[in-house]
Amino acid sequence: MVAPIALILPLIVLSAALTIYGQMSGRPSLVYVFKPLTTVLIVIWAALLPADPAGRYRLAVLIGLLFSLAGDVFLMLPADRFIAGVAAFLAAHLAYLIAFTSVVPFAASPAAFAVVAVIVAAILFGLWVSLPAPMRPPLVVYGVVLGTMAAQAISQGIVLKSAAASAAAVGGLLFLASDSTLVTNRFARPFRFAPLAVLGTYYAAQVLIAASVMVTAL
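About the thresholds
- Along each chain, the written sequence defines residue order, and numbers are assigned to residues from 1.
- The model is predicted, so local features are restricted to residues of pLDDT at least 70 and side-chain atom pairs to those at 80 or more, both for listing and for counting; the totals for chains, interfaces and linings are taken over all residues.
- Each side-chain value is derived from all of the structure's non-hydrogen atoms; neither hydrogens nor water enter the calculation.
- Strands here mean DSSP runs of E at least two residues long; helices mean DSSP runs of H or I at least four residues long; both are numbered from the N terminus.
- In what follows, residue pairs with any heavy atoms lying within 4.5 Å of each other are defined as contacts.
- Pairs of N or O atoms are called polar contacts if they sit within 3.5 Å, as long as, within protein, a hydrogen donor faces a hydrogen acceptor (for residues adjacent in sequence, only side-chain-to-side-chain pairs).
- An expected span of 1.5 Å times one less than the residue number is assigned to each helix.
- The buried label goes to any residue with under 20% of its type's maximum accessible area, the exposed label to any with over 50%, and the partly exposed label to all in between, with areas taken from a 1.4 Å probe on protein chains only.
- Structural elements are reduced to axes, namely lines fitted to C-alpha atoms, with helices fitted over the stretch in contact, and the angle between N-to-C directions of any two is expressed from 0 to 180 degrees.
- In this scheme, roughly parallel covers angles under 35 degrees and roughly antiparallel covers those over 145, while 65 to 115 is roughly perpendicular and the rest are oblique.
- Less than a right angle of anticlockwise turn of the near helix away from the far helix marks a crossing as left-handed, whereas a clockwise turn marks it as right-handed.
- Note on residue categories: nonpolar means Ala, Val, Leu, Ile, Met, Phe, Trp, Tyr, Cys or Pro, charged means Asp, Glu, Lys or Arg, and polar means any other residue, Gly included.
- Every patch collects residues that have over 30% relative accessible area and no salt bridge, joining them within 9 Å if they carry like charges and within 5 Å if they are nonpolar side chains (Val, Leu, Ile, Met, Phe, Trp, Tyr).
- The protein chains shown are the only cover counted for residues, whose accessible areas, like all others here, come from Shrake-Rupley with a 1.4 Å probe.
- Salt bridges are defined by distance alone: a side-chain nitrogen of Lys or Arg within 4 Å of a carboxyl oxygen of Asp or Glu.

**Student:** Would you explain the environment of Thr-19 in this entry?
**Tutor:** Within the secondary structure, Thr-19 is located in helix H1 (residues 2-25). As a C-alpha pair, Thr-19 and Leu-199 span 180 residues in sequence and 8.3 Å in three-dimensional space. Not counting residues within four places of it along the chain, the set of residues in contact with Thr-19 comprises Val-31, Phe-34, Lys-35, Thr-38, Leu-199 and Tyr-203. Of the polar contacts made by the side chain of Thr-19, one reaches the backbone oxygen of Phe-34; its length is 3.1 Å.

Now the structure itself:
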């Protein structure tokens, strides 16, 4: 399995780069091909990495990645499928939360939860006036779930102190950064390099969370 795993990671990087290039250069055909392909490659990579075959950690991460793939498709369609995309990623974060609580108890680090709660509250407060009224309730729910996932990932990293657990912790934080940037660009302050900022942190987050399946490697 070493050779296929070694080959997949560069393909992920290349596909992600083509997705970002397609988004920034206004070439939707590149985005339609390489955006879902990048996530599919991450799914394959996560499935091949060494992990406890009987554990639910990898299964939950794979389910989260598949929900993320659905979210990718919804968000790249020409029609406005933003709420559908939010719902898909909400399900993805719940799957990741299941993974992160399968090894370490929920809220094992109250400090991590407190810090992330302050960050999420600050982000929502800063964006509140820019959000359309109908979008506020779903985005609050999404923010709470995303923050909980990130905080639990950090808790896992603090408790286990392993490279794989640390990967999940950084991945959770990057996901928070990516989604905050996406919402800022969409509703508050669009900026030119948003695709690079949003997708760069997003794919890094997904790769790191996928890599964390090795936390259960025998």
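Moving on from the model shown.
**Student:** Teacher, can you tell me more about helix H2 (residues 28-48) here?
**Tutor:** One turn of an α-helix holds 3.6 residues; hence residues three or four places apart share an orientation. Across its 21 residues, H2 extends 30 Å between first and last C-alpha, which sits within 8% of the 30 Å expected from 1.5 Å per residue. Restricting attention to buried positions, one finds in H2 the residues Leu-30, Val-31, Lys-35, Pro-36, Thr-38, Thr-39, Leu-41, Ile-42, Val-43, Trp-45 and Ala-46.

**Student:** What exactly am I supposed to notice about the packing of helix H7 (residues 163-188) against helix H8 (residues 194-211) here?
**Tutor:** Two packed helices can be described by the angle between their axes and the distance between those axes. At a minimum axis distance of 7 Å, the contact between H7 and H8 shows a crossing angle of 155°. In terms of orientation, H7 lies roughly antiparallel with respect to H8. The element H7 and its partner H8 pack so that their crossing is left-handed. When H7 is examined against H8, the residues Ala-164, Ala-167, Ala-168, Val-170, Gly-171, Gly-172, Leu-174, Phe-175, Ser-178, Thr-181, Leu-182 and Asn-185 are found in contact with a partner set consisting of Ala-194, Ala-197, Val-198, Thr-201, Tyr-202, Ala-204, Ala-205, Gln-206, Leu-208, Ile-209 and Ala-211. Among the residues forming the contact of H7 with H8, the class breakdown is 16 nonpolar, seven polar and no charged.

**Student:** In this structure, what is going on with a nonpolar patch on the surface? I would like to understand it.
**Tutor:** A contiguous nonpolar patch, built from Met-24, Phe-191, Phe-193 and Leu-196 and spanning about 360 Å² of accessible area, is present on the exposed surface. Summarising the element assignment, Phe-191 is placed in the loop between H7 and H8. Classification of Phe-191 as partly exposed rests on a relative accessible area of 34%.

**Student:** Looking at this model, I keep getting lost on the environment of Asp-179. Mind explaining?
**Tutor:** Inspection of the secondary structure puts Asp-179 in helix H7. Its relative accessible area of 10% is what places Asp-179 among the buried residues. Each residue touching Asp-179, except ones within four places of it in the same chain, is listed here: His-93, Tyr-142 and Leu-146.

**Student:** Is there a simple way to explain the packing of helix H4 (residues 82-101) against H8 in this structure?
**Tutor:** Packing of H4 against H8 brings their axes to within 13 Å, and their N-to-C directions diverge by 30°. The interaxial crossing formed by H4 with H8 has left-handed handedness. Taking contact as the criterion, the partners of Phe-89, Tyr-96 and Phe-100 in H4 are, on H8, Tyr-202, Gln-206 and Ile-209. The residue makeup of the contact of H4 with H8, split by class, is five nonpolar, one polar and no charged.

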